[in-house]
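Overview (structure and organization)
Here's the letter readout for the chains.
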Amino acid sequence: MKKAPFTRPVKAILLMLPLLCALTAWGQPSTLPMTPQRDTSNDKTNNGGWKNQEAVIHYHYRNSATEHNIDTGIHTFHRRLFIQPWQRDMGNPGSPVLNLLFTPEYRVGPTLGYHVYDVYRYNVDSLKYYNTNRPYSVFSYQMAGRQENIASIMHTQNIRPNWNVAVEYRKISSPGYYQVQRNNDDNFALSTNYKSLNKHYTLHGGMVYNKQQHDENGGVLYRDLLDSPDYNNRRILNTAYESPTYSTTRSTVANVQRDMTMMLEHAYTWGVTDTLWDEEDTAAYTYTLTPRFSISHNATMSTEQHSYKDLAPDSMRYTSLFQRSFPNKGNAYYSAGADSVFTRQKWFWVDNKVLFNGFFGKQNGQLQFSAGAGVRYDQFISDPVSKLIADSPYYRIGYDRRSMAGTYIEGNIRKEALAANAWEYGAALKLYTTGTYAGNFAFNALLGKRLKSIGGSFTAGAGQQLGSAPYSYTDYQNIYAFKFFDLERESITSAFAMLESARLRLSGGARGYIINNYIYQGSEGIPAQYTASFTLPQVWIRKVFRVGSFYLDNELVYQAVSASTPVNVPQVMGRHQLSFEKGLFHNAIKIATGVEARYNTAYTPAGYDAQFNRFFYQNYDTVKNFPELAVFFNFRIKRFRAFLTGENMQQLFARNAILFSGTPVRSRTTGDVTIPMYAMPNTMLRFGFSWAMVN
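Each chain has its residues counted from 1, running along the sequence as written. pLDDT decides what is reported in this predicted model: residues at 70 or higher carry local features, side-chain atom pairs at 80 or more are listed and counted, and totals for whole chains, interfaces and linings draw on all residues regardless. With hydrogens and water excluded, all non-hydrogen atoms of the structure serve as input to the side-chain values.

This next bit is on the overall build of the protein chain. Segments assigned H or I by DSSP are reported as helices when at least four residues long, segments assigned E as strands when at least two residues long, and all are numbered from the N terminus. The number of helices and strands found in the protein chain is 2 helices and 36 strands. Two residues form a contact once any of their heavy atoms are found within 4.5 Å. Long-range contacts, defined as pairs at least 24 residues apart, comprise 68% of the intrachain contacts of the protein chain with a sequence gap of at least 6. Total accessible area on the protein chain is roughly 31700 Å²; 58% of this is exposed by carbon and sulfur atoms. To measure how exposed things are, a 1.4 Å probe is used in the Shrake-Rupley method; for residues, cover is taken only from the protein chains shown.

Given below as structure tokens:
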């Protein structure tokens, strides 16, 4: 198929951007974050003794001076990686995920709009930037029933005391407990950070690549069969998209999402410098810098692609989008070379931003303010589509391309709490000033304090955003259809307050949303908009009680949703863990073993629409599940952690929990409608380990 050509200016940008980035990085030495922080190289800058010190490793996030330690705990080590704390997948890892604690999507500026795989994807804006005096690697692996495997590896090391590189890779392979629901994911991330010896130049770089492949089964057709002992093997249950003439392990319907992003951010800082000499080694010294002014530049380039295919389409599935007859008449018919439905959407964008930054105050605890502007180019493509041949009644297969350029301004004020009893506060604004998305904006503000008396912190804040509908919500195109959905801008106002205390083993908070023109996927199979304003308050609390070596970990969430609001979330959710945790053999081994229960009140769960790879609002199917039960045994020996857990133990005496509804299926003969559903897998054993290695 002929590929969509880029315009000449875009080609020039693509060719020049890597060269400009390389020349900039080569022409100046680099650093860690722009904000001031203590010397974290664990050594003087002019000798090689750092290699002989004890292993020390920590990481920070871009534009933050707060240092974080690697998590080595075992209290909750057995919990699944991608559904914490209140996420819910479709029964096997790698499948679409929805947060049952309502969280609206970020839609400020251009977006493609596919988010069901976000929990698996690496993101350049949340990469970890490490600093270590020894090469450090972590290998993790998990396995469970039905050939479920998750493997990951991370390696980081400082090339020099002031230059670190880290690389991560993760593989998920999960055929699933039910028919044709295979997931196959690959995720890769690369990050590097550098600080010049005189502390003036800083650089952060990152690259991520994500690929999610999800075979769709449309859901189990007859939920009552979950109670029958004749169907304990869940793979003999009929699913909506099964097609034995095609394959017994692969589906004719699948969604694939790929994305790759490269980012370079660097800054040069002016300020007050000093040299600290070592009292023991008079030849060793360390530079210090108290910043006063800096200029930073960020260049980001990204490409994302989402594709949907149906090799055995049934015309009844697409009545809300187009009318066409296919050979498949609802009997899972597949014929090689017959008509199929294929939809693909692409998004390419380049963003360049320059900020001017000022600093006030002493080195540890400065107030930083920034102001600047950015320019970006975005291109959306749908293919294949039908294009009318000029001066002819005939059509050809082509693509639809929309390109746009825009500018935005950005500003923020930030003071981090880097010491006990210190205050933190900040505000940030991003406003699109020109282009298709002019008027979109996001504003956030927060105020907090570190509380030494309770070993915790208090934070409160508020936010306001005005965003446009994503491209995948407004445009649906393939060779059979062109649909455009005109949706108004969505407004979201939020406010929150949180308290955390490690000493009291307590955390809690409250958040409230006011939403107007809410954009969502309707049960009719097309995007929709709820024009009335609605509120959604949330309250959560977590408290851990300890008696000797016994721990009772309790979490509760309450969220209030009116019956008329197009949001599917439970009103109450809870999780409780009772564990015995103790060090044995003079603390050579640490164990944590116990039981865990997770539950929520009866509610109408969201539906899942495979054609849009998106969850949709539905109000016709209510479920009430038995609490989910698990038993676990976790242990740690030095840098090696492992767990063995028995999951879904409640299904030894209760029906498989219903997770989501599927797209309704109408019988061609009787006209009856069946609502498929996605159910939890059977009771299973799951084993995993994480092994950290230091050279």
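That covers the picture; the talk isn't over yet.
Attention now moves to the nonpolar core. As used in this record, nonpolar core signifies buried Ala, Val, Leu, Ile, Met, Phe, Trp, Tyr and Cys residues forming a set joined through side-chain atoms within 4.5 Å. Think of it in three bands: residues with accessible area under 20% of the maximum for their type are buried, residues over 50% are exposed, and the middle band is partly exposed, with areas taken using a 1.4 Å probe on protein chains only. Residues Phe322, Tyr476, Phe615 and Phe660 are the most contacted members of the largest nonpolar core, which totals 29 residues. Contacts of Phe322, omitting those with residues within four sequence positions, involve Val341, Tyr476, Asn478, Tyr480 and Ala481. Formed by 13 residues, the second largest nonpolar core is a distinct cluster that contains Ile515, Tyr530, Leu536 and Tyr617.

Under the pairing criterion, centres of Phe, Tyr and Trp rings, with the six-membered ring standing for Trp, must be within 6.5 Å; the plane angle then separates stacked pairs below 30 degrees from edge-to-face pairs above 60, leaving the rest tilted. With the rule as written, the count across this model stands at 34 aromatic pairs. Arranged with centres 5.6 Å apart and planes meeting at 85 degrees, the rings of Tyr518 and Phe534 form a pair that is edge-to-face. Of this pair, Tyr518 sits in strand β22 (residues 518-521) while Phe534 sits in strand β24 (residues 534-547), and the two are 16 residues apart along the sequence. Look at Tyr518 and you get buried, because its relative accessible area is 12%. Given a relative accessible area of 6%, Phe534 falls into the buried group.

Moving on, we get to the pattern of salt bridges. Between Lys or Arg on one side and Asp or Glu on the other, a salt bridge is scored when a side-chain nitrogen of the former is within 4 Å of a carboxyl oxygen of the latter. Within this structure, the stated rule accounts for 29 salt bridges. Asp224 is the partner of Arg655 in a salt bridge, and the nearest nitrogen-oxygen pair spans 3.5 Å. One end of the pair, Arg655, is in the loop between β31 (640-647) and β32 (658-661); the other, Asp224, is in the loop between β9 (201-216) and β10 (253-277), and 431 residues separate them in sequence. The partner of Asp553 in a salt bridge is Arg542, and the shortest N-O contact between them spans 2.5 Å. In this pair, Asp553 is assigned in strand β25 (residues 550-559) and Arg542 in strand β24, connecting sequence segments 11 residues apart.

Note on pairing: two strands pair once DSSP finds at least 2 bridges between them. Note: strand β26 (residues 572-584) against strand β27 (residues 589-600), 12 bridges, orientation antiparallel. Bridge pairing in β27 links Leu578 to Val595. Connecting β26 to the antiparallel partner β27 that follows it, the hairpin turn spans 4 residues, and Phe585 within it adopts a positive phi of roughly 55 degrees. With 9 bridges connecting them, β27 and strand β30 (residues 628-637) associate as antiparallel partners. In the strand pairing of β30, Glu596 is matched with Ala630.

Looking now at the environment of Gly358. Tracing the backbone through its elements, the reader meets Gly358 in strand β12 (residues 341-360). Once the C-alpha coordinates of Gly358 and Ser294 are considered, the two residues, 64 residues apart in sequence, prove to be 6.5 Å apart. Sequence-distant contacts of Gly358, that is, excluding residues within four places in its chain, are made with Arg292, Leu367, Gln368 and Phe369.

Residues Phe545, Val547, Phe550, Leu552, Leu578, Val595 and Val631 make up a contiguous nonpolar surface patch of about 620 Å² in total accessible area. If you list the elements that add at least two residues to the nonpolar patch, you get β24 and β25. Within the fold, Leu578 resides in strand β26. Each patch is built from residues lacking any salt bridge and having more than 30% relative accessible area; the joining distance is 9 Å for like charges and 5 Å for nonpolar side chains (Val, Leu, Ile, Met, Phe, Trp, Tyr).

Trans is the prevailing form of peptide bonds, just as negative phi is the prevailing case for residues other than glycine. For the bond running from Gln84 to Pro85, omega is -5 degrees, close enough to zero to count as cis. Residue position: Pro85 is located in the loop between β1 (57-61) and β2 (87-88). In this chain, Asp383 is followed by Pro384 through a cis amide linkage whose omega measures -5 degrees. Locating Pro384 in the fold gives a position in strand β13 (residues 367-388). Unusually for a residue other than glycine, Val180 sits at a positive phi of about 35 degrees. Tracing the backbone shows Val180 in the loop between β7 (163-174) and β8 (183-195). For Asn648, which is not glycine, the phi dihedral falls at a positive 55 degrees. Along the polypeptide, Asn648 turns up in the loop between β31 and β32. Assessed through its relative accessible area of 9%, Asn648 is described here as buried.

A word on the confidence of the model for the protein chain. Residue-level confidence of the predictor, termed pLDDT, takes values from 0 up to 100. Residues of the protein chain with pLDDT of at least 70 account for 90%, and the chain-wide mean is 89. Low pLDDT, under 50, characterises residues 1-51; the predicted model gives this stretch 129 contacts beyond four residues in sequence or across chains.

With respect to the helices and strands, Leu237 occurs in the loop between β9 and β10. C-alpha of Leu237 to C-alpha of Gln179: the two residues are 58 residues apart in sequence and 7.4 Å apart in space. Ignoring sequence-local partners within four residues, the contact set of Leu237 consists of Tyr178, Gln179, Val220, Leu225, Leu226, Tyr231 and Glu242.

On to the side chain of Asn92. Looking at where Asn92 falls in the secondary structure, it is placed in the loop between β2 and β3 (98-99). Polar contacts, as counted here, are pairs of nitrogen or oxygen atoms within 3.5 Å of one another; within protein the pair requires one atom able to donate a hydrogen and one able to accept it, and residues that are adjacent in sequence qualify only if both atoms are side-chain atoms. Only 3.1 Å separates the side chain of Asn92 from the backbone oxygen of Gln181, close enough to count as a polar contact. With sequence-adjacent residues up to four places away left out, Asn92 is seen in contact with Ser174, Pro175, Gly176, Gln181 and Asn183.

What follows is about the environment of Arg250. Relative to the elements of secondary structure, Arg250 occurs in the loop between β9 and β10. When the C-alpha atoms of Arg250 and Pro175 are compared, they prove to be 9.0 Å apart, with 75 residues separating the residues in sequence. Those residues in contact with Arg250 that lie beyond four places of it in its chain are Val180, Arg182 and Asp215.

Bringing the pairing of strand β21 (residues 506-516) into the picture now. One ladder, built from 11 bridges, connects strand β20 (residues 490-501) with β21; its direction is antiparallel. Residue Met498 lies in a different strand from β21, and its bridge partner there is Gly509. Following β20, the chain reverses through 4 residues before pairing antiparallel with β21; Arg505 in that reversal takes a positive phi of roughly 50 degrees. As judged from the 10 bridges shared by β21 and β24, these two strands associate in the antiparallel manner. Note that in β24 the partner of Gly512 across the bridge is Pro537.

Further remarks concern the side chain of Gln345. As for its position among the elements, Gln345 is in strand β12. A polar contact of 2.7 Å, which involves the side chain of Gln345, links it to the side chain of Tyr114. Sequence-distant contacts of Gln345, defined by excluding residues within four places in its chain, comprise Leu112, Tyr114, Glu304, Gln305, His306, Ile381, Ser382, Tyr471, Ser472 and Asp475.

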